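Each chain, written out:
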Amino acid sequence: EVTAPSLPSVQRPPRQNISVAPQRKTIDLFAVSGYVWLSGVVAMLLYTLISYGQLKRMVRTATRLEGNIRQSEYVTSPFVLGVFRPIIYLPYGLKQSHQDHIIAHEQAHIRRGDHLIKPLGFLILSVHWFNPFVWAAFILSGRDMEMSCDEAVIRKLGEDVRAEYSASLLNLATGRRM
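Computed from a predicted structure; not experimentally measured.

Caption draft 1: Seen up close, the packing of aromatic side chains. Scanning the entire structure with this criterion turns up 3 aromatic pairs. Summarising the aromatic geometry, the rings of Phe-122 and Phe-138 are spaced 5.9 Å apart at their centres and angled 65° between planes, so their arrangement reads as edge-to-face. With Phe-122 in helix H3 (residues 114–127) and Phe-138 in helix H4 (residues 132–157), this residue pair connects regions lying 16 residues apart in the sequence. The exposure classification of Phe-122 matches that of Phe-138, with both residues buried. Plain terms: the ring middles of Trp-129 and Phe-130 are 5.9 Å apart, the flat faces sit at 85° to each other, and that makes the pair edge-to-face. When the ring centre of Phe-138 is taken as reference, the NZ or CZ atom of Lys-118 above it lies at 5.1 Å.

Written out as structure tokens, the structure is:
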């Protein structure tokens, strides 16, 4: 067999970049964006921890009404607090009929698992804090939860209690407590 002679390989020296212009530092846009995003997440979670701590201090002196229901002079609006053992907090001075409606509403939140969904939604919001659509979804889901609980209470208590129930919510919203 006859083979063609091969050409000798030529070794080239490594290229050197010689520039007359001074070297500029480039800004890594992805790194900066990452730091901005992470700062937003940390700020949202820090806000949550501080708010939760203030809320826990505020209800520390609450007195037990019955079961998982507490009353506090520092509470201005009823709410559910706690993931594993949710507690309903009520302001003092509610009329008994209003109190019964408000307790039914807050118990509907617990039955529906809103005390689990709301923190999960806020965690998602914290990660996606830069997205206005996630903010809108979080706010609208909160409104939907409230309306859904109102409907559940009216369904449970009966249609004839609708006006009285609405008056209880309005009374609480306007801050007029007897």
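Caption draft 2: Structural detail: the packing of helix H2 (residues 96–112) against H3. It is the contact of H2 with H3, at a shortest axis distance of 5 Å, that shows an interaxial angle of 70°. Taken together, the axes of H2 and H3 are roughly perpendicular relative to one another. Of the residues in H3, those in contact with His-109, Ile-110 and Arg-112 of H2 are Asp-114, His-115 and Ile-117. Taken together, the residues of the contact of H2 with H3 sort by class into 2 nonpolar, 2 polar and 2 charged.

Caption draft 3: Fine view of helix H5 (residues 162–174). The end-to-end C-alpha separation of H5 is 18 Å, in line with the 18 Å expected for 13 residues at 1.5 Å each. Residues Tyr-165, Ser-168, Asn-171 and Leu-172 constitute the buried set of H5. Down the axis, H5 shows its buried residues gathered within 125° of arc, on one side only. H5 presents Ala-163, Leu-170 and Ala-173 as exposed residues on the side facing more than 90 degrees away from its buried surface. Packing partners of the buried residues in H5 comprise strand S4 (87–91), H2 and H4.

Caption draft 4: Representation of the pairing of strand S2 (residues 69–72) within the structure. Where strand S1 (residues 63–66) meets S2, 3 bridges bridge the pair, whose relative direction is antiparallel. Residue Glu-66 lies in a different strand from S2, and its bridge partner there is Ile-69. Counting the residues between successive antiparallel strands, the hairpin from S1 to S2 contains 2 residues, one of them, Gly-67, with a positive phi of roughly 50°. Here S2 runs beside S4; their pairing, made up of 4 bridges, is parallel. Each bridged residue has a counterpart across the sheet, and for Arg-70 the counterpart in S4 is Tyr-89.

Caption draft 5: Main features of the sheet that holds S1. Taken in spatial order, the 4 strands line up as S1-S2-S4-S3 in an open sheet, and their pairing is mixed. The two strands at the open ends of the sheet, each matched to only one other strand, are S1 and strand S3 (79–81). Within the sheet, the average angular offset between the axes of one strand and its neighbour, ignoring direction, is 40°. Sheet contacts for H2: S1, S2, S3 and S4; angle to S4, the most-contacted strand, approximately 150°.

Caption draft 6: Seen up close, the packing of H2 against H4. At a minimum axis distance of 9 Å, the contact between H2 and H4 shows a crossing angle of 115°. For the pair H2 and H4, the crossing hand works out as right-handed. Two secondary-structure elements touch here, H2 through His-101, Ala-104, His-105, Ala-108, His-109, Arg-111 and Arg-112 and H4 through Met-145, Glu-146, Ser-148, Cys-149, Asp-150, Ala-152, Val-153, Lys-156 and Leu-157. Broken down by class, the residue content of the contact of H2 with H4 amounts to 7 nonpolar, 4 polar and 5 charged.

Conventions adopted
Residues numbered from 1 in each chain as written. Predicted model: local features only at pLDDT ≥ 70, side-chain atom pairs only at ≥ 80, totals over all residues. Heavy atoms only, no water. Phe/Tyr/Trp six-rings, centres within 6.5 Å; stacked < 30°, edge-to-face > 60°. Helix = DSSP H or I, 4+ residues; strand = E, 2+ residues; numbered from the N terminus. Buried < 20%, exposed > 50% of the residue type's maximum accessible area, 1.4 Å probe, protein only. Lys NZ or Arg CZ within 6 Å of the ring centre and 35° of its normal. Axes fitted to C-alpha atoms, helices over the stretch in contact; angles between N-to-C directions. Parallel < 35°, antiparallel > 145°, perpendicular 65-115°, else oblique. Contact = heavy atoms within 4.5 Å. Nonpolar A, V, L, I, M, F, W, Y, C, P; charged D, E, K, R; others polar. Expected span 1.5 Å × (residues − 1). Arc of directions from axis to C-beta. Pairing = 2+ DSSP bridges. Left-handed = near helix turned anticlockwise from the far one by under 90°.

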